[in-house]
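# Fold and contact review
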Amino acid sequence: MSDSSTTSPEREPAGGSAPSGPAFRYSASLAGEIETRWQGWWEEKGVFVQPNPGDPAFVALRPKYYVLDMFPYPSGAGLHVGHPEGYTATDIVVRYKRMKGFNVLHPMGWDAFGLPAEQYAIATGVHPEVTTRDAINEFRRQLKRFGFSYDWSREFGTIDEGYYKWTQWIFLRLYNSWFDRAHDKARPIAELVGEFERGAREVRLNPDAAEYTGAGDLPDGTPAGPWSGLDEETRRAIIDSYRLAYVALQTVNWCPKLGTALANEEVIDGRSERGGFPVLRKPLRQWMLRITAYADRLLADLEGVDWPSSTKTQQAEWIGRGEGAEIDFPIVAADGAPTGESLRVFTTRPDTVFGATYMVVAPEHQLVEAAMDDRASGVDVERLGRYADGARNRTDVERQESKEKTGVFTGVRVQNPATGEQIPVWTSDYVLMGYGTGAIMAVPGQDQRDWDFAEAFDLPIVRTVQPPEGFEGKAYTGEGRAINSGFLDGLGVAEAKPKIIAWLTERKLGAPRVNYKLRDWLFSRQRYWGEPFPIVYDEHGRHHAVGDAALPVALPAMRDYQPVESEEPQPLLGKATGWLKTTAGEAGVSGLDPRTPVTRETNTMPGWAGSCWYYLRYCDAGNDDRFVGQEAERYWMGGGGVDLYIGGAEHAVLHLLYARFWHKVLYDLGHVSTPEPFQKLFHQGLITSYAYQREDKSLVPVDEVEARGESDFVEVATGRAVTQTVAKMSKSLKNVVNPDEVIAAYGADTFRLYEMYMGPLEASKPWNTKDTIGLYRFLQRAWRLCVDEQTGALKIAPQASEDVERALHKAVAKVGEDIERLSFNTAIAALIEFVNASTPAQASGGALPAALSEDQIDRLARVLAPFAPHMGEELWAKLGRTDGAGSIAHAAWPGFDEAMLASDTIEIPVQVLGKLRSKITAPADADTKTLEEMALADAKIREWLEGKTVRKVIVVPGRMVNIVAN
RNA sequence: GGGCCCGUGGCGGAACUGGCAGACGCGGCGGACUUAAAAUCCGCUUCCCGGAAACGGGAGUGAGGGUUCAAGCCCCUCCGGGCCCA
C-alpha cells in the first residue's frame, strides 16, 4: 500500500474551472472532472477486477454473488437511455454486496453476431467486423462513462474466435449426445452405440424423433435386428435419428430475391417485409436442436427459480404441455368396408369424441397426397391439388389468422370409433402439420374454429357438453355435463376424460398421450454474420464433426455479402470458395482418410447461439483449455446459478428458454454443476417518453409542439390543441434521449440517480429531462453539506448532533433494506431526506456551517457510493480513506443501531369511527391499556364523544387508536 | 377472443404485513440575495367551505357495490390504459 497523497488522484485545490460561482461548487464541469478522474483511477488500479478461486488475491472466506446484465447488441446508434437503466440497478446491487463483504462477479460483454450488422454491410460494403468493433468500442466508452463497476478483464464478444470456438464446442456436445428417456437425461452417443453393440437396447430409429425424415428405407420404429448385422448407412441413419443436433427437412419462408430464409414475422401477405419480394414456402435441409426432449424438465424446473410469475407463465405456455389422447379413426372404403388403415389424431378433449362429425387434415398431410392418387374416389383431384399448393405457401401465422374458413373434401371417409358413424375427411389450412399429428377430429359443438368451418361447409353439429342455461354463443368450450355421448352422459369433463381414454385404450383405438406445443429449435441460418458450424460433408453428402482440436472453425473474411438471388437456397458462405473446400485431415475429422475431400457446412448459427452460454464464460473468460474452468464454474454458479439476472421482458421466452436448454444438456453431460442457470430473474420496465396526440389519436413529433400554460399543448403548424401522452422513444417522434447529453449537462452520478429515482425498476415510466435537475440539486446539497465550496476542503463539525446521528442511522437502515428489495427510488428518497434533515438552516448567501462529524461524512459517503460512486469516492478521498487500491468500493457497508431508529415518544393518531380526530403523544412502548386511557382522556376526543356511548376501543400499539361510539 | 399487469395532486411517484393517503422529486406561487437575470437559499403548494391568520370542518386513491372497528391495499361488477398470446 502506498501513500494516499501520491496514489490517489484527488484534485489539489486549484479552482478556476467553473465559469462562475465558488471554485468548488458541484457544477457539471466539476462533476465531469471528478468522474473521469476516478474512472481513470479505478481502471488503472484494477479496483473492480475480481479474482477467481485459485488466484493469489482471491479471498476464499467471502460468500459469492453473481450479478448479470443481459449483454447488449452493439448497434451503430450507441446507447439509449434504456440500456443504463438495468445496468445502473445491477451496479447498485453489486457495489452494495461488495461493501457487505461478498466476492462479486459483475461482467459485461457483447452479443455481436446478428442481422443488422450484416444488412448494413450489404448496403455499404463495409465489413460487419469493422462496424461491429466500432460499435463495441463506442458502447464500452459510454458504459465506462457511467462509472459501472464491471470487471472489464472478463470482457468478450460472441464474435471473438476465442469465444465462438467454445460455442462450436458446445454444438458438438449436442451433436454427439442423445436423450435417454429412461434416465430423463442426455448421454454421449458413444454410450448409445455401446448399448446397441451389447444388445442392451433394441436397434431401431429413435421412436421420439417423429419429425425425422432422413432414415432412408428404414420404416419408422421397426427393429432393425442386431447392430453387427447392419451396414454402415443404416447404422448412421439410426445414430443420426438420436442426436440432439440433427438434420431434417423443414419448410421455411424462402425469399429468392433476398436469397435468404425469413422468420414468420418478416413475411407479410406472402411477401418479404423488407423489399416486398415474393416469399415461397420451401422444404430445406436444416440443423435442428432437440429441445423437445427437455420439454418436461424445462417446465418442471420453473418451480424452483425466483422469476417473475408472468415470465414463468409465458414459458409454460410456450412449452404448452397438453394432456389428452391419441385416437385412431379407421379409414373405410367407398363400400363402407374397413381398409385396415386409420387416421390418427391428437386431442386434449377426448371426452368430446361423440361429437366428432368430420375430420380435418393439414394440406401437407400424406392422406391428401394419397387421396389425389385415388381417382376412384371421384373427388375433384385438381381442386384438391390447387388447394394444397396454395396453403403450403402461407405461413402458419397467416393460416391461423384468417377469419374465413376454406377447405376441400378429400373423398376419404373414416369411422368415428365412438359412434360408429362414417364421417368425411376434409383438408383445411387452419390445421397445422406442426402440432400433434397434423390431423384433428372436428368437434364443432365444443370448438369455435370447427363450428365456423362446419357452418361454412354445412357439416353437422352435435353438442356433447351441456352449455349453461342462457348460453347464447356457438361452440361451448367450458365445463359441463356430457350429453349425446352414450356411456359418458352425465359426467363432467374431468371425469369423462379418463373414462373415454380407458375405453379407447382397451379397444386399441387410442392411448393416453401428452403433447407439447414446443417444437424443435431450427438452428440454421443462411447468413454470413454468425458462428460457422463445426461440420463438414463428404462427397456422399454425409455430415462429419470437426474434431475439438481443430476448433474454432473461423468465419472466413469475405468482401462480397450480396445475397445470391436464386430459386435454390445458397447460403452466403458458399461464396468463400477457399474456405469451403478442404480435406478431412485439415478439418480435423476423425474416422476418415485425412486426404478425403470435404465441403464445409455453409449455414451459420442463429443469433441466439452466442447468448446461450455467455454467463458461463464470464466465470473464466480467459480459459483457452476449457469453455469454463471447473473450479470457477462451481464457485460462481454454485447455489443455483447466477444470483441476480436483470434484463428486458422481451427475452422472457426465447433467450431464457434456449439458455436453460443448453445449460441442462451441459449439466447432464457433467460440464456444469447446476440444473438451472439463473436463480433470480428481474425485468426492468421500458423507459418511454412523452409524445403528443391529436384528437384523432395520431402522434405529433415533440419538436412540433409548444406548451401553453401548465398542461396545455398546441401543435405549432395547426394551432390545434394536442394532449400529452406516453409513447415508446422513436426517431420519428423525435423523443429519443441521448445519455451522453445528459451526462454532459449534469454528470454521470446525476444520471444514475435520476434513472433509479424515476419509479419502480419493473415499471415502465416516462423520461422527463426536466426532472433530472432535482437529483442534481440533491448532489449539490450533499456536496455543500460536506465540502467548503470556496476551498474544496471538508467541513467537519467538532461533534455530532444527536438528531443528525439518529437521522443517519435511519437512512443507513432504510437504504440497505431498499437495495435488498431492489426499491431504488425509495432508497434515494431516504438519502435525500437525510441530507435535507441534516442541512442546517442557512441565511441567504451565507456559507453553510459544518454539520456532520468526520465519521458521519464517512458513513454518508459509503451509503451514497452505490448510487453516486464518483461523489462517494471523492468524499472518501478527501477524508484520506482512499489509498492504494483501497477504493470506497471495498469499504464496509455502515452498520446501524436498532435503538437509534425509534424515538422515545411517538405521535399516535386517534380515530373516532375510523375518522382521524386527534393525536396523542405517547411513549413508544406504551401498551394497549395506557393508549386507550390516554386517547379517552384527550380533550378533543372527549368533545367528539360528547353524548355518545363508547362501544369498543381498538388499539394497535405503536400505530393508532380507533374508538367506536354512537 | 384468452391470459397477465396497472388506474393515487398539474406531472413522476410514496404508502413494504388492511392502521395518520399524497414521502421524495419536478412544476407552480410567495420571499431572500442580486443593478438585473441565472444559479442558490427559505416558505407554501390534493380539492372545496369558513377564517386576516393560527386553525377548524367536509370531500377525496377510475366508477358502483361489498367485507371490516378501519380499505389505495381484500372480494364482486363495470369503465379506461398497457403488455403478452391468439
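Data block above holds the structure.
In this report, we go over the structure that sits alongside the text. All values derive from a computational prediction rather than experimental measurement. Just so you know, the residues in each chain are numbered from 1, in the order the chain's sequence is written. Following the order in which they are written, the chains are lettered starting with A and the ligands numbered starting with 1. Local features in this predicted model are restricted to residues whose pLDDT is 70 or higher, and side-chain atom pairs enter the listing and the counts only when it is 80 or higher, whereas totals over whole chains, interfaces and linings include all residues. The side-chain figures draw on all heavy atoms in the structure; neither hydrogens nor water molecules are used.

## Describing the packing of aromatic side chains
The criterion for an aromatic pair is that two Phe, Tyr or Trp rings (for Trp, the six-membered ring) have centres within 6.5 Å, with stacked assigned to planes under 30 degrees apart, edge-to-face to planes over 60 apart and tilted to the rest. The final tally for this structure, using the stated rule, is 58 aromatic pairs. Consider the rings of Tyr746 and Tyr776, whose centres lie 5.0 Å apart with planes at 65°: the pair is edge-to-face. In this pair, Tyr746 sits in helix 21 (residues 739–746) while Tyr776 sits in helix 23 (residues 772–786), placing the two residues 30 residues apart along the sequence. Per residue, the accessibility class of Tyr746 equals that of Tyr776, and both read buried. A network of ring pairs unites the aromatic residues Phe71, Phe156, Tyr163, Trp166, Trp169, Trp613, Tyr614, Tyr615, Tyr618, Phe627, Tyr645 and Phe678 as a single cluster. The ring of Trp42 carries the charged tip of Arg95 above its face, separated from the ring centre by 5.0 Å. Here Lys97 stacks its cationic end above the ring of Phe102, 4.6 Å away from the centre of that ring. Put simply, DSSP marks the helices as runs of H or I at least four residues long and the strands as runs of E at least two long, and each gets a number from the N terminus on. Only protein chains enter the area calculation, which uses a 1.4 Å probe; residues under 20% of their type maximum are buried, those over 50% are exposed, and those in between are partly exposed. Here, over-ring charges are defined by two tests on the NZ atom of lysine or the CZ atom of arginine: distance to the ring centre within 6 Å, and angle to the ring normal within 35 degrees.

## Quick word on the sheet that holds strand 1 (residues 64–69)
Taken in spatial order, the 4 strands make up an open sheet running 2-1-22-23, and their pairing is parallel. A strand with exactly one partner marks an edge of an open sheet, and here the two such strands are strand 2 (103–105) and strand 23 (681–683). Between one strand and the next, the sheet's axes are offset by a mean angle of 20°, whatever the strand orientation. For two strands to count as paired, DSSP must find a minimum of two bridges between them. Alignment of strand 1 against strand 2, held across 3 bridges, turns out to be parallel. Paired with Lys64 across the two strands is Asn103, which belongs to strand 2. Angles shown run from 0 to 180 degrees and are taken between the N-to-C directions of axes, each axis being a line fitted to C-alpha atoms and, for helices, limited to the stretch in contact.

## Topic: the pairing of strand 33 (residues 960–965)
Counting buried positions along strand 33 gives 5 out of 6 residues, so the element sits mostly inside the fold. Relative to strand 33, strand 30 (residues 905–912) is paired through 3 bridges, and the arrangement is parallel. Note that in strand 33 the partner of Val912 across the bridge is Ile963. Across 6 bridges, strand 32 (residues 950–956) lies against strand 33 in antiparallel orientation. In the sheet register, Lys952 faces strand 33, and the bridge partner there is Val964. Counting the residues between successive antiparallel strands, the hairpin from strand 32 to strand 33 contains 3 residues, one of them, Gly958, with a positive phi of roughly 80°.

## Observations regarding the side chain of Lys282
Positionally, Lys282 belongs in strand 9 (residues 280–289). Classification of Lys282 as buried rests on a relative accessible area of 18%. The contact partners of Lys282, leaving out residues within four places of it in the chain, are Gln250, Thr251, Val252, Trp254, Glu567, Glu568 and Pro569. Only heavy atoms matter for contacts: two residues are in contact if any of them lie within 4.5 Å across the pair.

## Re the packing of helix 22 (residues 748–757) against helix 27 (residues 869–878)
In helix packing, the relevant descriptors are the interaxial angle and the interaxial distance, both defined with respect to the helix axes. Viewed as axis vectors pointing N to C, helix 22 and helix 27 meet at an angle of 130°, and their least axial separation amounts to 7 Å. By the angle between their axes, helix 22 is oblique relative to helix 27. Between helix 22 and helix 27, the contacting residues are Ala748, Asp749 and Arg752 on the first element and Pro869, His870 and Met871 on the second. Note that Gly is not counted as nonpolar here; it falls among the polar residues with everything else outside the nonpolar set of Ala, Val, Leu, Ile, Met, Phe, Trp, Tyr, Cys and Pro and the charged set of Asp, Glu, Lys and Arg. Here the residues of the contact of helix 22 with helix 27 are counted per class, giving 3 nonpolar, 1 polar and 2 charged. Angles below 35 degrees are treated as roughly parallel, those above 145 as roughly antiparallel, those between 65 and 115 as roughly perpendicular, and all remaining angles as oblique.

## Some points on a nonpolar patch on the surface
In this scheme, patches are assembled from residues that exceed 30% relative accessible area and form no salt bridge. Like charges are connected within 9 Å, while nonpolar side chains (Val, Leu, Ile, Met, Phe, Trp, Tyr) are connected within 5 Å. Throughout, the Shrake-Rupley method with a 1.4 Å probe supplies accessible areas, and for residues the shown protein chains are the sole cover considered. Between Lys or Arg on one side and Asp or Glu on the other, a salt bridge is scored when a side-chain nitrogen of the former is within 4 Å of a carboxyl oxygen of the latter. Together, Tyr120, Val126 and Val130 give the surface a local cluster of nonpolar side chains, amounting to about 240 Å² of exposed area. Along the chain, Val126 turns up in the loop between helix 4 (115–124) and helix 5 (128–145). A relative accessible area of 32% means that Val126 is categorised as partly exposed.

## Quick notes on the sheet that holds strand 9
As summarised here, the arrangement of the 4 strands in space is 6-5-9-17, forming an open sheet in which the pairing is antiparallel. Where the open sheet ends on each side, the last strands, each with one partner, are strand 6 (260–262) and strand 17 (521–522). Bridge count between strand 9 and strand 17: 2 bridges; the pairing is antiparallel. Residue Leu289 lies in a different strand from strand 17, and its bridge partner there is Trp521. Strands in contact with helix 6 (residues 161–175) are strand 5 (245–255) and strand 9; relative to strand 9, the strand with the most contacts, it is inclined by about 90°.

## Let's talk about the layout of surface pockets
When its volume is computed, the second largest pocket comes out at roughly 520 Å³. For each structure, a 1 Å grid was placed over the protein atoms alone; sets of points admitting a 1.4 Å probe that cannot get out are labelled cavities, open sets with protein on both sides within 12 Å along at least five of seven lines are labelled pockets, and lining residues have an atom within 4 Å of a point. Tyr175, Arg236, Arg243, His544 and Ser590 are, among the 25 residues lining the second largest pocket, the residues nearest its centre. Counting only elements with at least two residues in the lining of the second largest pocket, the list comes to helix 6, helix 7 (189–198), helix 8 (232–240) and strand 19 (543–545). At 5 residues, the largest contribution of residues to the lining of the second largest pocket is made by helix 8. Grid points are joined across faces, edges and corners, and a volume is the space filled by probe spheres set on the points.

## Topic: the environment of Glu421
Its location among the elements puts Glu421 in the loop between strand 13 (408–415) and strand 14 (422–427). Overall, the relative accessible area of 52% leaves Glu421 in the exposed class. If sequence neighbours within four positions are ignored, Glu421 has contacts with Val414, Gln415 and Asn416.

## Overview of the protein's contact with RNA strand B
If you check the shell around RNA strand B, you find 41 residues, and the closest are Tyr757, Asp771, Arg777, Lys814 and Lys919. Here a residue is near a molecule or strand as soon as one of its heavy atoms is found within 4 Å of it. The share of sugar and phosphate among atoms of RNA strand B within 4 Å of the protein is 68%. The contact in question runs from a sugar or linking oxygen of RNA strand B to an N or O atom on the backbone of Met758, over 2.8 Å. Between N or O atoms, a polar contact is any pair within 3.5 Å; within protein, one atom must be a potential hydrogen donor and the other a potential acceptor, and residues adjacent in sequence are included only when both atoms are from side chains. At 2.8 Å from a base oxygen of RNA strand B is found a side-chain nitrogen or oxygen belonging to Asn962. Counted by class, the surface near RNA strand B contains 14 nonpolar, 11 polar and 16 charged residues.

## Observations concerning the packing of helix 26 (residues 854–864) against helix 27
Across the interface, helix 26 lies against helix 27 with an axial gap of 8 Å and an inter-helix angle of 155°. Viewed along their axes, helix 26 and helix 27 adopt a mutual orientation that is roughly antiparallel. Seen from above, helix 26 lies across helix 27 with left-handed handedness. Judged by residue contacts, Asp858, Ala861, Arg862 and Leu864 of helix 26 engage Met871, Gly872, Leu875 and Trp876 from helix 27. Whether a crossing is left-handed or right-handed is set by the direction in which the near helix is turned from the far one by less than a right angle, anticlockwise for left-handed and clockwise for right-handed.

## Some points on the side chain of Asn623
Summarising the element assignment, Asn623 is placed in the loop between helix 18 (614–617) and helix 19 (630–637). Of the polar contacts made by the side chain of Asn623, one reaches the side chain of Asp620; its length is 2.7 Å. Among residues more than four places away in sequence, those in contact with Asn623 are Trp166, Arg617, Val628 and Gly629.

## Here's the deal with the pattern of salt bridges
All told, the structure shown has 48 salt bridges when counted by the stated rule. In this structure, Arg173 and Asp548 form a salt bridge, with 3.1 Å as the shortest nitrogen-oxygen distance. You can see Arg173 sitting in helix 6 and its partner Asp548 sitting in the loop between strand 19 and helix 16 (577–580), a full 375 residues away along the chain. Residue classification places Arg173 among the buried positions, given a relative accessible area of 13%. Overall, Asp548 belongs to the partly exposed group, its relative accessible area being 36%. A salt bridge links Asp328 to Arg344; its shortest N-O distance comes to 3.0 Å. Placement of Asp328 in strand 10 (residues 322–332) and of Arg344 in strand 11 (residues 338–347) is noted, with a sequence separation of 16 residues between them. Here Arg344 falls in the partly exposed class, since its relative accessible area comes to 42%.

## Re the environment of Glu676
Topologically, Glu676 is positioned in the loop between helix 20 (654–668) and strand 23. Separated by 378 residues in the primary sequence, Glu676 and Leu298 have C-alpha atoms spaced 9.2 Å apart. Ignoring any residue separated from it by four or fewer positions in sequence, one finds Glu676 in contact with Asp301, Val305, Gly640, Gly641, Arg660, His663 and Lys664. Polar contacts involving the side chain of Glu676 include one to the side chain of Lys664, which spans 2.8 Å.

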